[in-house]
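Fold and contact review
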Amino acid sequence: MISTRTFRWIYVGLWTLRICFALLGTGYIHPDEHMQNGEVTSGDLMPYHTIRTWEWSAVLPVRSIVPAFATTGIPVWFAKVLSKEHLIQGVHPILLFRLERSAFLLLSGLIDYSLMSLVPTPSARRLGLLLLASSHVMNTFQVRPFSNSIEAVLISLSLLFLRKIRSVKMLDKSYYIHLLAITFVTGIFTRPTFLIFGAPIAFQVALGTFIHARTVTRWLRLVVPPLFTAAGTCTAFLVADTLYFRGTLDDIVVTPFNFLMYNFASQNLAEHGVHPRWLHIFVNLPMLFGPWITWLAVRVIVDSATLFNKKNDKSFEVDVLHPTIIQMIILSLSVLSVQPHQEPRFLVPLLLPIIVLIANTGQLAHVGKTFWVSCSIFNFVLAVLFGILHQGGVVPSLFHLHPLVANASLGTRTNIIYWKTYMPPLHLLGVNERDVATGLVSFVDLAGASQDDFAASLSADDYDKIFLVTPVAMRYTLPPAITGCMELNQTIFPHLDLDHISESIDAGVLDGLRLGVYTLSRNCVFV
């Protein structure tokens, strides 16, 4: 059994690692980590040119602006107010980046806090915290501005409030039910999938309060006021979103409804990728939590019908929390697996419930050193992969280009081209919207365009300076007529491009893991 002192040293070390991954790790998991949050809030608060994806379309918005502003918008606003030069230059992109990460780093701590309250046995709590803090999910997804990360925090708080509701006196129950009502509405407006994860919690609250109240009248007195709180919170979200997207309250915007309507259309999901229905269970779940944790969770679920029902233990953990989490796992996997578009981050909210489930059964005390060593290696490798390597040069390339284009001289026209990379979050480039509107700075994201389309884009217009950002490996695939025009300005290491593995291997270990910022010769390209 691990001692308290040893636990503290390891736990502090894991938190130090989380801080480093949050503030220094420039790995790029998915464009949504920027486009669902920081790109929008920075575009509204700063004078920077940004990209608004389809999710923020004024015609059919599917994202509520409230969670984004509550997480990254507030710190950016404070930085803007405190900055002496914000009226001219705004906040530096590196500071924006670290403010966004710091906000979600702090939010991730609420998951740790929830686990402390949900696992009462000290020894099991310590092992559960170590398992949680060492997870690559906490070092990657949870410190990035994903809507899934907010959803995971809200699910953790909901389980915490469930415990409070089932354990405190009648007067205090009402207080925590009000908090749970606010949390549920916030979760639904953050991601409507919150309903799937939260449904077992709502059922247990309704059941537990009814049993405690004993009569329908007393039960209604207990639950009706929180329902009004939920309605008030919902109204606040509706008003905020409607004013944001419409500017008037004449046409109410209900973003959760728009989200569901969009995702129920198969042609819309096909645009984002169609996956086999078994992907969540057999690939995404083990990849997120590790095969060993997944196996332990499966064992608990399988044994629950016999092992735990035979016990006379009527504690909260066994009688309420245990079945609630099992219902949450089964329900969420079943419903989310029906949808053909399945990404690993959709299952991120299950991390805390699964670890709480395992920790409260006492299984972590008997797994042995092999389990902890293999879990540590697995999580460290994936943390480095997603937190540092994967598309890791995109964000630093924007930081590099910022001083080169942010103060463009009058009459100097600059074009920036990104090719064979993830979509660059332009708020981290820090180019003034005025410079883009006047044509001083132009930006082209070619994504995975063919070589012919890439070549055509080089002669599309006349610019004084042209920057090309692309993996160094892609340079070897270009004809001499183009490579002869490319002058290397900066290389950024590491940058792992999993979409072009063969080209990266052909380029060698060093060049295959670098992103290049090139200056294109104007005389050579424009003929």
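Along every chain, residues carry numbers that run from 1 in the direction the sequence is written. In keeping with the model being predicted, local features are shown solely for residues with a pLDDT of at least 70 and side-chain atom pairs are shown and tallied solely at 80 or more, while totals for entire chains, interfaces and linings include all residues. Working from all heavy atoms in the structure, the side-chain values ignore hydrogens and water.

Selection criterion: UniProt positions are given in the numbering used here, feature names are shortened, and annotations may be inferred rather than shown by experiment.
You'll find the protein chain entered in an unreviewed UniProt entry as Mannosyltransferase, with Suillus fuscotomentosus given as the organism. According to the UniProt record, the Pathway (unreviewed entry) comment for the protein chain reads "Glycolipid biosynthesis; glycosylphosphatidylinositol-anchor biosynthesis."

Some details on a nonpolar patch on the surface
Filter applied, for reference: Patches draw on residues past 30% relative accessible area with no salt bridge. Two like charges within 9 Å are joined, as are two nonpolar side chains (Val, Leu, Ile, Met, Phe, Trp, Tyr) within 5 Å. Note on areas: Shrake-Rupley with a 1.4 Å probe; residue coverage comes only from the protein chains shown. We define a salt bridge as a side-chain nitrogen of Lys or Arg found within 4 Å of a carboxyl oxygen belonging to Asp or Glu. Secondary structure elements follow DSSP: runs of H or I no shorter than four residues count as helices, runs of E no shorter than two count as strands, and numbering proceeds from the N terminus.
Residues Phe203, Leu207, Phe210, Ile211, Val216, Leu220, Val224, Leu227 and Phe228 make up a contiguous nonpolar surface patch of roughly 860 Å² in combined accessible area. Residue assignment for the nonpolar patch shows that the elements contributing at least two residues are helix 10 (194-213) and helix 11 (216-246). Broken down by element, the residue count for the nonpolar patch peaks at five residues, all from helix 11. With respect to the secondary-structure elements, phenylalanine 203 resides in helix 10.

Here's the deal with the sheet that holds strand 1 (residues 414-419)
Within a sheet, each strand pairs with its neighbour through backbone hydrogen bonds, oriented either parallel or antiparallel. Here is the rule we go by: For two strands to be treated as a pair, DSSP must find at least two bridges joining them. Where helices are involved, their axes are fitted lines through C-alpha atoms of the stretch in contact, as for all axes, and angles between N-to-C directions lie from 0 to 180°. The contact rule is simple, with two residues in contact once any of their heavy atoms fall within 4.5 Å.
The five strands lie next to each other as 2-1-3-5-4, forming an open sheet whose pairing is mixed. Each of the sheet's edge strands pairs with one partner strand only, and the pair in question is strand 2 (441-447) and strand 4 (486-492). Ignoring strand direction, the axes of neighbouring strands in this sheet form an average angle of 20 degrees. The sheet contact formed by strand 1 and strand 2 spans six bridges and is parallel. Bridge pairing in strand 2 links tryptophan 419 to alanine 447. Here helix 21 (residues 451-458) sits on the sheet and contacts strand 1, strand 2, strand 3 (465-471) and strand 5 (515-520); the angle it forms with strand 1, its principal contact strand, is near 175 degrees.

Here's the deal with helix 12 (residues 255-263)
Since the α-helix packs 3.6 residues into each turn, any two residues three or four apart lie on the same face. We count it as follows: Working definition: with a 1.4 Å probe on protein chains only, accessible area under 20% of the residue-type maximum means buried, over 50% means exposed, and in between means partly exposed. The directions from the helix axis to the C-beta atoms form the arc being described.
Among the residues of helix 12, Thr255, Pro256, Asn258, Phe259 and Tyr262 are the ones counted as buried. Take helix 12 and look down its axis: the buried residues cluster within an arc of 160 degrees, on one side only.

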